[in-house]
Structure formats: structure tokens, C-alpha cells
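Breakdown of the fold
Residue-level listing of the chains:
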Amino acid sequence: MSLVVVLAAMFLGQSGLVHADAATKTPSWGHWDTTKITYSYDGGSKYYQSIWKKAVKQWNKTGIVQLKAVKSASQADVVLESSPSLSTSNGLLSGYTNYSYLHKNVGNEIVSAKSTLNRELLTSYSYTKKQRTNVATHELGHALGLSHSKSKKSVMYAANRYSNIDHQDKVALERAYANAND
């Protein structure tokens, strides 16, 4: 078993992305060892806390995972936050997720995750609260083990602020957690 740390990001813009038809499935790369996953909001902004709560509610509504709030980041499996700005050599990011996982023969087991929203970019590009929630839902999808989808209808499409969780996202999450402990 080896521990791996990865960064998943949602990029602003669509250059270099592969376009595919709507039948494209959302891939998954790993899962937590249980469907009961704790989270904590680590920040002072009540506005962004409400956005993260809406994103959590969206994933909980699938009935596949149960995200439950805990008081501190040290108790949480997933830490949710917002940042004044985010960028990498690949460009501006509206959000990103760092996660650590154990590589196993049967699949990757996530052991920690931190998802962040870029307040400056979301504001400068006039994202609505619903669009910011979609970005948060996307980043939380990475924290749950989903990868980027090639379908623009998926919340997991790399450059999409307009879509929410769709059927293919639910199917991918269901597949990822089919053998997880409850």
C-alpha cells in the first residue's frame, strides 16, 4: 500500500478540454472506506459556509453517501474552505481539491481531502450563488472520489458552473461505494 496525494481542480475556461457526447460516463478513481463521511467548514465566511452546506445537501440527496458536519477540521474527513485567490501554472482555478489516498489492489481508499473555493475569481466572473454552489458540488465530488466527466451535463465536467449532479454522477458514486462499509 502506498499513500498518494493528488490535486483535482476546476479550471476557468474550456481550452484544451476534450468534448464528448452526453452519454459519456462520470469516472471514479476511489472512495472512502465508509459511506458515512465527516466534514467541517474551515473559514470565517458565513456566505461560503452556506454554499458548502448546499453542496453537501446535494450529495446527501443522492442517498449514496451521508456527509455529516463535525465541529473542527481535525475531526473531519473532508475540510471545506474558501480562499482569497487560487492559481497554478495551468491557470486560474475556481476551486480545487487536495486528497490523500491509499493505493490498494481493489481500489483507492481516500483518507483525507480538502476542497477550496476561489472567492476572488468567483466574484470577478460574477458567479451567482447557484453557480458557486455547483462549483462547490463539483469539488466535493472530487473529495468523494469522482473524476472529471467529458459530458457538459455533469457537475463533474471540468469547466462547468451551470450543471448540478446528474444521473451519470449518481451512477459513478454508486459504483464507487458499492462495497463500502456503512
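Residues numbered from 1 in each chain as written. Predicted model: local features only at pLDDT ≥ 70, side-chain atom pairs only at ≥ 80, totals over all residues. Heavy atoms only, no water.

1. Digging into the pattern of salt bridges
Taken as a whole, this structure holds 2 salt bridges when the rule is applied. In this structure, E81 and K114 form a salt bridge, with 4.0 Å as the shortest nitrogen-oxygen distance. Placement of E81 in strand β5 (residues 78–83) and of K114 in strand β8 (residues 108–118) is noted, with a sequence separation of 33 residues between them. Looking at E81, the relative accessible area reads 14%, which means it is buried. With relative accessibility at 33%, the residue K114 sits in the partly exposed group. Between K104 and E109 there is a salt bridge; the shortest N-O distance is 2.6 Å. By relative accessible area, E109 is classed as buried at 16%. (Salt bridge = Lys/Arg side-chain N within 4 Å of Asp/Glu carboxyl O. Helix = DSSP H or I, 4+ residues; strand = E, 2+ residues; numbered from the N terminus. Buried < 20%, exposed > 50% of the residue type's maximum accessible area, 1.4 Å probe, protein only.)

2. A closer look at the packing of aromatic side chains
Overall, the coordinates contain 4 aromatic pairs when judged by the stated rule. Ring centres 5.0 Å apart and planes at 55° place the aromatic pair W29 and Y101 in the tilted group. With a gap of 72 residues between them, W29 in the loop between β1 (2–11) and β2 (30–31) and Y101 in strand β7 (residues 91–103) connect regions that are remote in the sequence. With a centroid separation of 6.5 Å and 40° between ring planes, the pair formed by Y99 and Y101 is classed as tilted. (Phe/Tyr/Trp six-rings, centres within 6.5 Å; stacked < 30°, edge-to-face > 60°.)

3. Here's the deal with the confidence of the model for the protein chain
Looking at the protein chain as a whole, its pLDDT mean stands at 86, while 85% of the residues score no less than 70. Throughout residues 1–7 the model reports pLDDT below 50, and contacts reaching past four residues in sequence, or to other chains, amount to 22 contacts. Low pLDDT, under 50, characterises residues 10–23; the predicted model gives this stretch 37 contacts beyond four residues in sequence or across chains. (pLDDT = per-residue confidence, 0-100. Contact = heavy atoms within 4.5 Å.)

4. A word on the pairing of strand β4 (residues 66–69)
Here 4 bridges tie strand β3 (residues 36–41) to β4, and the two strands are oriented parallel to one another. Bridging across to β4, T38 finds its partner in K68. Chirality of the crossover, the property in question, places the unit of β3, helix α1 (residues 46–61) and β4 among those that are right-handed. (Pairing = 2+ DSSP bridges. Right-handed = clockwise from strand over helix to strand, strands pointing away.)

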